[in-house]
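Residue-level structure breakdown
Spelled out, the chains give:
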Amino acid sequence: MRVIKGTMDFHLEGPSAITLGKFDGLHQGHQLLLSRVEKRQAEGMTSVIVAFDFGRTQGLMLPEERRRMLEEQGADVLLECPFVPELAHMEPEEFIRRILKEQLRGAYLAVGTDFRFGYQRKGEYRLLEKLAPQYGYQVEVVEKAQYGGRDISSTFIREELEKGNIPLVNRLLGYSYSVTGQVIHGRAVGRTLGMPTINLLPDAGKLLPPNGVYATCTFLEGQEFPGITNIGYKPTVGGEHLKGVETYLFDVDKDLYGREVTVRFHAFERPERRFDSLRDLKDQLERDEIWGRNWFRNETPVKISVLSEEEKYIKVLSDEA
C-alpha cells in the first residue's frame, strides 16, 4: 500500500475509487464505505482512502494502526491529509477539481451523508452529486450504519470506551479494541507476588479505556495468550507518573522484554484501586485471575476480521444480545 503524508504534491495514474473521512477507528460505519471502494478495486480501479487529520490529541487508532489495518484489507493508496492552511482554506469546488479529479484521478467516490469538506466545511455530498457530470466521476452516498437507533461513529465509540463498555465498543468496531507497544521493564512486583507481568507504555496519542482490570488476549508473533490487564498508575506499589498497561498472561512465563505485543480488550472487571498492603493486593489479584479464567471459559472473544462482507455487517448490527 502506498502511503502519502505530509505533502499536497502527489499524482496518481489511472482511474481511482475514493472514499473520504476521518477514519478514526475504522469502525463498522467506515467498513461500509471501504466495501464500496473494494468493489470498484475488483473492477480495476485504484482504491484510495483519503483520511483527514484534524489534530485530535488522542484517537481510537494511531496512524500506524490505521495503515496496518488498511494494508491488510488490500487498499492501494492511503492519503493522510494534514489539516494545513492550504487545505483548510481551499474552496469545495477547487478541492473537487484539484485534489479529487486532477491529482487522484477520481472516477468513483463513496461518501457518507455527513461528509463535509472545503473551506468552512461548506462542501457536502449534494455538491459532489451536482458537479459529478462536469468533472466526470460517479458518486455514491452511503447511509450511516446504525446500532440501537444511533449512528455508528467515532464519537459514539469514544463515549462507550470512556465508560469501560468494552463489549459494545468491540461490537461497534467489528473487532477488539487493542493497544500495541514494546514490552518494557517494570518494578517486578508481580513476580514477587507469584504473578509475573509484562508492561507496556502506550503511545500518548492512543485513547485508553478507564483505569482498571480487564480480560484481554495478548498477541505475539502469531500466538495468542489470554490473561488479565490492569490499566493505570499502580497506586499500591508507589504509583507511576505515566499511565501504563500491565498484563498477567495465564500459564506463561517468558522473557518478552523488548518484544512488540498487541493487547486486545474483551471485558471490564473492576476499577483500579489502592490496597493497604501487598498481601491485600495479592489476594485481589488472585480473585482477578479467577474472574479472568472464568470469563474466557464462558465467553468467546471477538476475532479480528475484515468486515466488508454484507452478512457480517448485518449480523453485527442486528444482534442486540
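Overview of the structure. Quantities reported herein were computed from a predicted structural model and do not represent experimental measurements.

**Some words on the sheet that holds strand β11 (residues 178-184)**
Through backbone hydrogen bonds, the strands of a sheet pair up, either in parallel or in antiparallel fashion. In space, the six strands of this closed barrel follow the order β11-β12-β15-β14-β13-β16, with antiparallel pairing throughout. Each adjacent strand pair in this sheet contributes to an overall mean axis angle of 45 degrees, direction not counted. Alignment of strand β12 (residues 197-200) against strand β15 (residues 244-249), held across four bridges, turns out to be antiparallel. The residue bridging leucine 200 from the neighbouring strand is valine 245, located in β15. Relative to strand β16 (residues 260-271), helix α7 (residues 166-173) is tilted by about 135 degrees, and along the sheet it contacts β13 (212-220) and β16.

**Things to note about the packing of aromatic side chains**
Counting across every chain of the model gives nine aromatic pairs. On the basis of an interplanar angle of 40 degrees and a centroid distance of 5.6 Å, the ring pair of phenylalanine 95 and phenylalanine 117 is categorised as tilted. Linking phenylalanine 95 in helix α4 (residues 92-103) with phenylalanine 117 in strand β6 (residues 116-117), this pair joins segments that are 22 residues apart in sequence. Phenylalanine 117 shares its class with phenylalanine 95; the two are buried.

**Observations concerning the packing of α4 against helix α5 (residues 125-135)**
Helix-helix packing is characterised by the crossing angle of the two axes and by the distance between the axes. Taken N-terminus to C-terminus, the directions of α4 and α5 make an angle of 55 degrees; their axes are 11 Å apart at the nearest point. Relative to α5, α4 is oriented oblique. Between α4 and α5 lies a crossing of right-handed hand. The residues of α5 that touch α4, namely those facing Pro92, Glu93, Ile96, Arg97, Leu100 and Lys101, are Leu127, Leu128, Leu131, Gln134 and Tyr135.

**Points about the nonpolar core**
Leu26, Ile49, Leu70, Leu161, Leu172, Tyr177 and Phe265 are the most contacted members of the largest nonpolar core, which has 48 residues in total. Here this core takes five residues from α7, the largest share from any one element. With sequence-adjacent residues up to four places away left out, leucine 172 is seen in contact with His27, Gln28, Tyr147, Ile152, Phe156 and Ile157. Counting residues in hydrophobic clusters, the runner-up holds 30 residues, among them Phe10, Phe52, Leu104 and Leu128.

**What about helix α2 (residues 63-72)?**
Buried within α2 are the following residues: Glu65, Arg66, Met69 and Leu70. Along the long axis of α2, the arc covered by the buried residues comes to 125 degrees, so they all point the same way. Against the buried residues of α2 lie α1 (28-42), β3 (46-53), β4 (77-82) and β11. Looking one or two residues past α2, glycine 74 carries a phi angle of roughly 90 degrees, positive in sign.

**Digging into the pattern of salt bridges**
In the structure shown here, the tally under the stated rule is 17 salt bridges. A salt bridge links glutamate 80 to arginine 66, with the shortest nitrogen-to-oxygen separation between them at 3.9 Å. Of this pair, glutamate 80 sits in strand β4 while arginine 66 sits in helix α2, and the two are 14 residues apart along the sequence. As far as burial versus exposure is concerned, glutamate 80 and arginine 66 are alike and both buried. A salt bridge links lysine 144 to aspartate 114, with the shortest nitrogen-to-oxygen separation between them at 3.1 Å. Of the two residues, lysine 144 is situated in the loop between β8 (138-142) and β9 (146-147) and aspartate 114 in the loop between β5 (106-112) and β6; the sequence distance between them amounts to 30 residues.

Rules of the game
Residues numbered from 1 in each chain as written. Predicted model: local features only at pLDDT ≥ 70, side-chain atom pairs only at ≥ 80, totals over all residues. Heavy atoms only, no water. Pairing = 2+ DSSP bridges. Helix = DSSP H or I, 4+ residues; strand = E, 2+ residues; numbered from the N terminus. Axes fitted to C-alpha atoms, helices over the stretch in contact; angles between N-to-C directions. Contact = heavy atoms within 4.5 Å. Phe/Tyr/Trp six-rings, centres within 6.5 Å; stacked < 30°, edge-to-face > 60°. Buried < 20%, exposed > 50% of the residue type's maximum accessible area, 1.4 Å probe, protein only. Parallel < 35°, antiparallel > 145°, perpendicular 65-115°, else oblique. Left-handed = near helix turned anticlockwise from the far one by under 90°. Core = buried A, V, L, I, M, F, W, Y, C linked by side-chain atoms within 4.5 Å. Arc of directions from axis to C-beta. Salt bridge = Lys/Arg side-chain N within 4 Å of Asp/Glu carboxyl O.

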